[in-house]
Every structure is written in structure tokens, then in C-alpha cells.
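Residues per chain, in single letters:
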Amino acid sequence: MARIAYDGRDAAAFEAARHIADEGLAAWREAVTRHLDLGRHTRLLDLGAGTGMWAKAFTTWYDTVEVIAVEPSAAMRSRCVHPQMLAGDAANIPLADDHVDAAWLSTVIHHVPDLAAAARELRRVVRPGGPVLIRSAFAGRHQAITLFRFFPEAVRVLDTYPSLDDVGAAFTTAGFTVAAVEQIPQITAPSLREVAADLRREAHTPLQLIEDEEYAAGLARLHRAAEVEHGPVIDALDLLVLR
């Protein structure tokens, strides 16, 4: 089971608070373009697609990319307008063997209960040599993410996530090789004030899993900082590329 059930309230919070404007994703677009084998027609699996932010981004960025979104949560699927959205999860991808040219997983790997099963299933559906791109906050790698500055207690939740080594080992066993690990910056919000105004606890797994008093203390720290700090909020997450 996933760490969070993603019911209607969680899905609404995710859609409201976790979507990033396209201009904030410029470095991600550059990174994906480097690693995606773009041809006349590229079929991309967006696994754990949520409410469809990345499916929308990919179809906007690339005329030749066909995105097939797969998401286990019915509440998330109901909020996604992407036309190719299927029910499924990392251990049960509803696609034929070698059906896609590449796969994308964004902030989902920590919800996968069986990394080995997920790696085997991705090996089955991604054509030989096709890349699997995993965007995530991994255990032990919180330093470039603003959220943890104000909610340091949430680091203990992050440290229960799979590490880069954990994921690499599971996928290597399934027949992949680690091709790259990069830290990619993004403009998460125009200002800290906007982060404070838009924050939804239900949209962030680490915040859901800390104590209420810890969340309240972090929220107070965030609001105090938002009064005096200006400029865009720039975070960086890891991109793990496997082939």
C-alpha cells in the first residue's frame, strides 16, 4: 500500500498545491530532453501520474511524445484531464510487453511497497534500452528542498524513503543499469509568501506523517520567514536515470 491513500481531500490538495508553473520547470525540460530518446513517435509511460501535471507538461513540450498515464488512486484520476489515463500501479502496469519507449516516475517511488516488483514490471513494459526517469526526494538528500528548512521534523519521514542506492540496486537486479544521477533545480513558487499562502498539509506526504504540533511549529516558522524573505523559491530534486 502507498504511504498515503490519496482520497478526495488529498487529491484536491495535491492539485491545488503541488502543480508547478511551466516556467518553473525549464531545467526539468532540459534534463528530460537530454535523456529521453525523442524520435518520430515516442511513447512515454507516466507512472503514478497523479492529477496529470507532468502528462500535460510532456504533451506541451514535445509534439512527438504520446503520454500514457497510469495512476492507482481513483480520486487522482478523476482530477486528471489527460485523455490516456489508466488505473494501475507499479506492480501492475496495464500495458503489453515493450509497449513504451520510456517511463517517468515523479515523487512516487516512496509510495511503492515492493521496489523489486516495480523494477521487474518496468523492465517488462519499457523497450530494451529505453530510459526510466525517476524524479524524487531520496532518503538523506533533503538539503536542497525548502520544505525541510521549516519542517525539520519531516526529515525523519524522508529518511524512511528509499535511498538512491536502494532504488539503483532493485533496478539493477531487474536488468537496468544506472545511467545518471543529477540534481535538477526548479522554481517552486514566485515567493516564500506564496508558498505560505498555498501550503496544504494533505499535499505533502512528509507533512502528513509528522505530529500536529510539529506541523504547527513549522507553519509558524514559514509564515515568519515569508514576511521578511523575498525572491523566488528554488528547490532541487534528484533525477535518477536507468536504462
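Bear in mind that the values here come from a model prediction, so they are computed numbers and not experimental data.

Engineer: Would you mind showing me how to read the nonpolar core here?
Structural biologist: The tendency in soluble globular proteins is for nonpolar side chains to be buried side by side. In this structure, Trp 54, Phe 58, Trp 104 and Phe 151 are the most contacted members of the largest nonpolar core, which totals 47 residues. The dominant element in this core, judged by the number of residues it contributes, is helix H3 (residues 53-61), at 6 residues. Setting aside residues no more than four positions away along its own chain, Trp 104 makes contact with Trp 28, Val 32, Leu 44, Leu 45, Asp 46, Leu 47, Trp 54, Phe 58, Leu 133, Arg 135 and Leu 239. Counting residues in each nonpolar core, the second largest holds 30 residues, with Val 70, Leu 105, Ala 170 and Ala 174 among its members.

Engineer: So what exactly am I meant to see when it comes to unusual backbone geometry here?
Structural biologist: Of note, the phi angle at Asp 98 is positive, near 55°, even though the residue is not glycine. Along the chain, Asp 98 falls in the loop between strand S3 (85-87) and strand S4 (102-106). Residue Asp 98 is classed as partly exposed on the basis of its relative accessible area, which comes to 45%.

Engineer: Please explain the packing of aromatic side chains as it appears in this structure.
Structural biologist: Any aromatic ring pair is given by two values, namely how distant the centres are and how the planes are angled relative to each other. Taken as a whole and assessed by the stated rule, the structure comprises 10 aromatic pairs. Consider the rings of Trp 28 and Trp 54, whose centres lie 6.3 Å apart with planes at 75°: the pair is edge-to-face. Of the two residues, Trp 28 sits in helix H2 (residues 26-35) while Trp 54 sits in helix H3, which places them 26 residues apart along the sequence. By the burial criterion, Trp 28 is buried, and Trp 54 matches it. Ring centres of Trp 54 and Trp 104 lie 4.8 Å apart, and the angle between their planes is 55°; this geometry places the pair in the tilted category. Taken together, the positions of Trp 54 in helix H3 and Trp 104 in strand S4 put the pair 50 residues apart, joining distant regions of the chain. By relative accessible area, Trp 104 is classed as buried at 1%. Aromatic ring contacts, followed pair by pair, group Trp 28, Trp 54, Phe 58, Trp 61, Tyr 62 and Trp 104 into a single cluster. Arg 123 extends its terminal NZ or CZ atom over the ring of Phe 176, reaching a point 4.1 Å from the ring centre.

Engineer: What's the story with H2 in this structure? I'm lost.
Structural biologist: Helical periodicity: at 3.6 residues per turn, an α-helix aligns residues three or four positions apart in one direction. What H2 keeps buried is the set Trp 28, Ala 31, Val 32 and His 35. The buried residues of H2 occupy an angular sector of 95° when projected down its axis, which confines them to one face. Among the exposed residues of H2, those oriented more than 90 degrees off its buried face are Glu 30 and Arg 34. For H2, the elements touching its buried residues are H3, S4, strand S5 (132-136), strand S6 (178-189) and strand S7 (233-242).

Engineer: What am I meant to see in the sheet that holds strand S2 (residues 65-71) here?
Structural biologist: Adjacent strands of a sheet form backbone hydrogen bonds with each other and so pair up, either parallel or antiparallel. Taking strand neighbours across the sheet as the criterion, the 7 strands line up as S3-S2-S1-S4-S5-S7-S6 in an open arrangement whose pairing is mixed. Sheet topology places S3 and S6 at the edges, where each strand pairs with a single neighbour. Strand-to-strand, the axes of this sheet are offset by a mean angle of 25°, without reference to chain direction. Looking at chain direction, S5 and S7 are connected through 5 bridges and run antiparallel.

Engineer: Help me understand the pattern of salt bridges, please; the structure alone is not making it clear to me.
Structural biologist: Any two side chains of opposite charge can pair, on the condition that their charged atoms come close. Per the stated rule, a full pass over the model turns up 14 salt bridges. Arg 124 is the partner of Asp 97 in a salt bridge, and the nearest nitrogen-oxygen pair spans 2.8 Å. Of the two residues, Asp 97 sits in the loop between S3 and S4 while Arg 124 sits in helix H5 (residues 115-125), which places them 27 residues apart along the sequence. Residue classification places Arg 124 among the partly exposed residues on the basis of a relative accessible area of 25%. Between Glu 229 and Arg 149 there is a salt bridge, and its shortest N-O distance comes to 2.3 Å. Of this pair, Glu 229 sits in the loop between helix H11 (212-228) and S7 while Arg 149 sits in helix H6 (residues 146-150), and the two are 80 residues apart along the sequence. Given the relative accessible area of 28%, Glu 229 is considered partly exposed. One network of salt bridges, with partners in common, ties together Asp 37, Asp 101, Arg 127 and Arg 243.

Rules used throughout
Residues numbered from 1 in each chain as written. Predicted model: local features only at pLDDT ≥ 70, side-chain atom pairs only at ≥ 80, totals over all residues. Heavy atoms only, no water. Core = buried A, V, L, I, M, F, W, Y, C linked by side-chain atoms within 4.5 Å. Buried < 20%, exposed > 50% of the residue type's maximum accessible area, 1.4 Å probe, protein only. Helix = DSSP H or I, 4+ residues; strand = E, 2+ residues; numbered from the N terminus. Contact = heavy atoms within 4.5 Å. Phe/Tyr/Trp six-rings, centres within 6.5 Å; stacked < 30°, edge-to-face > 60°. Lys NZ or Arg CZ within 6 Å of the ring centre and 35° of its normal. Arc of directions from axis to C-beta. Pairing = 2+ DSSP bridges. Axes fitted to C-alpha atoms, helices over the stretch in contact; angles between N-to-C directions. Salt bridge = Lys/Arg side-chain N within 4 Å of Asp/Glu carboxyl O.

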